[in-house]
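Structural description and commentary
The primary structure of each chain is shown beneath.
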Amino acid sequence: MHKTWIVTFETYLRQIKSWSFLFMILGPFLMIGLTIGISYISANSASSSREVAVISESQPLRQAFIKQNDGLNTKITTVKAAKAALKKDHLAGYLVLSTVNQQFKADYHGSDSMGSSLRAQTQNFLATNQQAANYQQANLSAKQRQALARTPALTQHIAKKAGAANIAKKVSFWLLVTMIYIILITYSSIAAQEIASEKGTKIMEIIFSSTTATSYFIGKITGILLVILTQIVVYLLGGWAGYQFAINSTKLKPLITEYHSLINAVIHNLVNVNLVYLLLGVVIYTVLAAYSGAIVAKAEDASKAAQPVVMLGMLGFFLTFPFQSNLDAVFVKIMSYVPFFSSYFMPMRIINGTASGLEQGLSLAILLAAIGLFAWYIGSQYQRLMLQTDSKSIWQQWLHGWRHQD
Amino acid sequence: MLSIQHISKHFGTVHALNDVSFDVPDGQILGLIGQNGAGKSTTFHSILNFITYDGTITWQGHPLSANDFDTIGYLPEERSLMPKLTIEQQVVYLARLKGQSAKETRAHIDEWLQRFAVKGTRKSRIKDLSKGNQQKVQLICTLIHHPKLLILDEPFSGLDPVNADLLKQAVLTARDEGAAIIFSSHDMEHVTALCDQLVMLRKGDVVLHGTLTEVRNQFGKTELYVTTDWTPDRLQALPGVAAVTVRQPRQYLLQLNDPAAGPAIFEALTEGHYIEEFSQQPPTLDEIFRLKVGEDHA
């Protein structure tokens, strides 16, 4: 056990100290940071040139418009100044508000057409003011005004709870399946290459004269799993930090508040037994990837080693697509018990609420048994596989392995 | 003591080892010689349980198991280390796998680097070292945990005479500490200098086994080294002389048909007077090796 931990520690350290791991971990954070940074700089530099100035001979009218609308340039008050600013591209345009013969008018001058939001707000402002002026001029009674203000009603009745739950399910499904897929593909390659790069090297002879092949194999797999856990923990911490930033940010807080129930539902769907499926799925694929790495003909073929595992992971991923709206299909039920596929399909059923506790337990037991059996078999073959340098095909290796359990 | 009794190994129809038996007592060195493909590495792999075999191999009276791994030092035929690691990281990792703590190993690394005259520091990366220095680091990895059973597959290959001497000293020190040592070599000079006993394999069969003296004496004292003013023709005419080889001016090697011819030749050469050199010896190990290999080709 002690030597297994030495191998685990060595494998773990070697992986996390590599540049590729650092880039892989920090990549998403850098990308998000870069996107936010660029958006911020772009928004700041563009904000002044996207503003619209409001000009009017009637100061109460101008002030009323400015009060009702955000993002306007309030400093420019004359047409001359507005024209100059527009010429220098410091303004997107200017709006001249006026009243001619009891009619409210707005003239927009700009290098491009008016934004749809500002146009709607302007029309709304003009309509409200025109209506008030019309009522005043018509000298209507309060009752008549009330009658004229009456508008037809269109009301939508949506079962909000069910709708939100459905969205939560879809978001959870996509998040989970994508997470499983990305982690499997990434670490299958790492595991296969880590093992294949040692294939046939004499250092394996030294190592196998120091510890058993099974102990070494388990140490390697555990080391790689620790690297995966490190990545998941870093992402969870990063996600938590991002969430904290969002709820304390004045710009993002309304968004978070609006989708609070959805976010909670998604977190609930992800941080439950599905996380166990994610981890066990990663374990079985990592073990298979290690085996793939061990049966390549020589260390130089390390890059090819992960291909069969990656293909299997992709097959599982793409098989889920046709069934995301048909989770009661028999095929989904069958696949939710088949190792290598159950990590995709059972979480789908759990999210949908169509898998009982017994079914989940049975699927987990099959997955655990498959991992145990698989690890035992590979452990028993590992020394032979790692020390040989012949060029048998993968199938010949499998057959040889089953025929000669030595 | 390492005891190998009647081990055989077949790879398909190829007999890699055929009823091989020998012992390596503690504090002794056994040299395993033979041509390429004779079965030397297969013997080592059998000892280390890398392959299955028929027969019995015991270490200190019991079959070698994982519990004995810490007492083994193994140097494989081809050198292989982890190129990205520093010398210290590499040596500490392999020593930890042999049960020696990192602290203990770190405390002695500099001493070992000095002992093997490695050009580099403990912080040097393996990939930055020359081939020879990498080989010396691998030897340090093999020896630093003071193994009780030392298995060295072609340890002298690629070493210059100075470094070969450093290795010889290290092997002799391990022997003096009581280790049982088995090593293979194609260089009979090293085998002659180090071994208490030797085993020669030919196509998986043991064709020679014994101490150096025993093995050489099996072939009789058929070589006579003399220094004389006699001409080669005159020497060739002596009774029992099969061939004469000139080593240096006045120095000859006479091949005898029969070792018993020695005294008569001595009488004829000296005629009761002083002679600078008259030494009757068995063939050298190198000659015996060639002879045995030649038997196979005959």
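The present account deals with the structure reproduced in this document. In this text the structure is predicted, and so the values were computed from the model without any measurement.

Conventions and cut-offs
Residue positions are given per chain, counting from 1 as you read along its sequence in written order. To read the labels, note that chains go from A and ligands from 1, taken in the order they are written. Selection of residues for local features in this predicted model requires a pLDDT of at least 70, selection of side-chain atom pairs for listing and counting requires 80 or more, and totals for whole chains, interfaces and linings are taken over all residues. Derived side-chain values reflect all non-hydrogen atoms in the structure, with water molecules and hydrogen atoms excluded from consideration. Strands are runs of DSSP state E lasting at least two residues, helices are runs of H or I lasting at least four, and both sets are numbered from the N terminus onward. A 1.4 Å probe rolled over the protein chains alone gives each residue an accessible area, and that area as a share of the maximum for its type sets the label: buried under 20%, exposed over 50%, partly exposed in between. Contacts: residue pairs with any heavy atoms within 4.5 Å of one another. Areas reported as accessible are Shrake-Rupley estimates using a 1.4 Å probe. Residue values count occlusion only from the protein chains shown. In this tally Asp and Glu are treated as negative and Lys and Arg as positive; neither His nor the chain ends contributes. Just so you know, the charge point we use is NZ for Lys, CZ for Arg, CG for Asp and CD for Glu. Whether two strands pair comes down to DSSP finding at least two bridges between them. Inter-axis angles, ranging from 0 to 180 degrees, are taken between N-to-C directions of lines fitted to C-alpha atoms, where helices are fitted over the stretch in contact. For salt bridges, the criterion is a side-chain nitrogen of Lys or Arg within 4 Å of an Asp or Glu carboxyl oxygen. Accessible surface is computed with a 1.4 Å probe, and the buried area is the amount of it that two parts give up when combined, taken over both parts together. Polarity classes work like this: nonpolar for Ala, Val, Leu, Ile, Met, Phe, Trp, Tyr, Cys and Pro, charged for Asp, Glu, Lys and Arg, and polar for all others, with Gly in that last group. In this analysis, a patch consists of residues with relative accessible area above 30% that form no salt bridge, clustered at 9 Å for like charges and at 5 Å for the nonpolar side chains Val, Leu, Ile, Met, Phe, Trp and Tyr. Expected helix span is given by 1.5 Å per residue-to-residue step, counting one fewer step than there are residues. To get the bend at a given residue, fit one axis to the seven residues ending there, fit another to the seven starting there, and take the angle between those axes.

**As for the overall build of chain B**
The helix and strand tally for chain B stands at 10 helices and 14 strands. Considering only C-alpha atoms, chain B reaches an extent of 70 × 45 × 30 Å along its principal axes. Of all 298 residues assigned to chain B, the portion counted as buried reaches 50%. Pairs at least 24 apart in sequence give 66% of the contacts found in chain B among residues at least 6 apart. A total accessible area of about 13,600 Å² is found for chain B, and carbon and sulfur atoms account for 49% of it. Distance from the positive charge centre (28 side chains) to the negative charge centre (36 side chains) of chain B: 10 Å.

**As for the sheet that holds strand S8 (residues 180–184) of chain B**
All names here are of chain B. Spatially, 6 strands are ordered S6-S7-S8-S3-S9-S10 in an open sheet, and the strand pairing comes out mixed. Both outer strands of the open sheet, strand S6 (72–75) and strand S10 (205–211), are each paired with one neighbouring strand and no more. Ignoring strand direction, the axes of neighbouring strands in this sheet form an average angle of 15°. In this sheet, S8 lies alongside strand S7 (residues 149–153) in parallel orientation, the contact comprising 5 bridges. Considered in S8, the bridge of Leu152 is made with Phe183. Relative to the sheet, helix H4 (residues 131–143) contacts S6 and S7, its axis offset from that of S6 by approximately 160°.

**Here we look at the pattern of salt bridges**
Residue and element names in this part refer to chain B. Applying the stated criterion across every chain yields a total of 17 salt bridges over all chains. Note that Arg106 is salt-bridged to Glu88, the shortest N-O span being 2.9 Å. Pair noted here: Arg106 is in helix H3 (residues 102–115) and Glu88 is in helix H2 (residues 87–97), with a separation of 18 residues, a long-range link. For Glu88, a relative accessible area of 10% corresponds to the buried category. For the salt bridge of Arg250 with Glu276, the shortest nitrogen-to-oxygen distance reads 3.0 Å. With Arg250 in the loop between strand S12 (241–248) and strand S13 (251–256) and Glu276 in the loop between helix H9 (262–270) and strand S14 (277–281), this residue pair connects regions lying 26 residues apart in the sequence. Ionic contacts of the salt-bridge type, sharing partners, join the residues Glu88, Arg106, Asp110, Arg122 and Lys123 into one network.

**Digging into the interface of chain A and chain B**
On the side of chain B, 25 residues touch chain A, which itself brings 22 residues to the contact. Between chain A and chain B, the buried area comes to about 2,100 Å², and carbon and sulfur atoms account for 65% of it. Remark: the boundary between chain A and chain B carries 1 salt bridge. The closest approach of N and O atoms between Asp70 of chain B and Lys3 of chain A, which form a salt bridge, is 2.5 Å. Contributions of two or more residues to the side of chain A that touches chain B are made by helix H1 (2–16), helix H8 (202–208) and helix H17 (357–387) of chain A. Within the side of chain A that touches chain B, the residues separate by chemical class into 9 nonpolar, 6 polar and 7 charged.

**Some remarks on unusual backbone geometry**
Residue and element names in this part refer to chain B. In this model, Asp19 sits at a positive phi of 55°, which is unusual for a non-glycine residue. Structurally, Asp19 is set in strand S2 (residues 14–24). Of note, His146 is a non-glycine position whose phi angle comes to about 50°, a positive value. Among the secondary structure elements, His146 is positioned in the loop between H4 and S7. Using a relative accessible area of 42% as the deciding quantity, one classes His146 as partly exposed.

**Comments concerning the sheet that holds S2 of chain B**
Residues and elements named next belong to chain B. The 4 strands lie next to each other as S2-S1-S4-S5, forming an open sheet whose pairing is antiparallel. Edge positions in the open sheet fall to S2 and strand S5 (62–63), since each of these has one partner strand only. The pairing of strand S1 (residues 2–11) with strand S4 (residues 54–59) spans 5 bridges and is classified as antiparallel. Opposite Ser8, over in S4, you have Asp54 as the bridge partner. Helix H1 (residues 40–47) contacts S1, S2 and S4 of the sheet and is inclined by roughly 115° relative to S1.

**Thoughts on a nonpolar patch on the surface**
Residue and element names in this part refer to chain A. On the surface, a cluster of nonpolar side chains totalling about 740 Å² of accessible area is made up of Trp19, Leu22, Phe23, Leu26, Phe29, Leu30 and Tyr235. Take the nonpolar patch: its biggest share by element is 6 residues, from helix H2 (residues 19–47). Mapped onto the fold, Leu26 is located in helix H2. Residue classification places Leu26 among the partly exposed positions, given a relative accessible area of 41%.

**Quick notes on H2 of chain B**
The buried fraction of H2 of chain B amounts to 9 of the 11 residues, a majority that puts the element mostly inside the structure. Buried residues along H2 of chain B sit against H1, H8 and helix H9 (213–247) of chain A together with H3 and H4 of chain B. Remark: Gly99 of chain B follows H2 of chain B within two positions and exhibits a positive phi of approximately 90°.

**Quick notes on the side chain of Asn274 of chain A**
Residues and elements named next belong to chain A. Its place among the elements puts Asn274 in helix H12 (residues 273–294). We classify Asn274 as buried; its relative accessible area is 0%. Not counting residues up to four positions away in its chain, the partners in contact with Asn274 are Leu176, Asn269, Pro347, Ile350 and Ile351.

**Thoughts on H3 of chain B**
Residue and element names in this part refer to chain B. Relative to the 20 Å expected for 14 residues at 1.5 Å per residue, H3 spans 20 Å between its end C-alpha atoms, a close match to the ideal helical length. His108 marks where H3 bends most, by close to 40°. Listed in full, the buried residues belonging to H3 are Ala102, Thr105, Ile109, Trp112 and Leu113. Close packing links the buried residues of H3 with H2 and H4. Count one or two residues on from H3 and you reach Ala117, which has phi positive near 50°.

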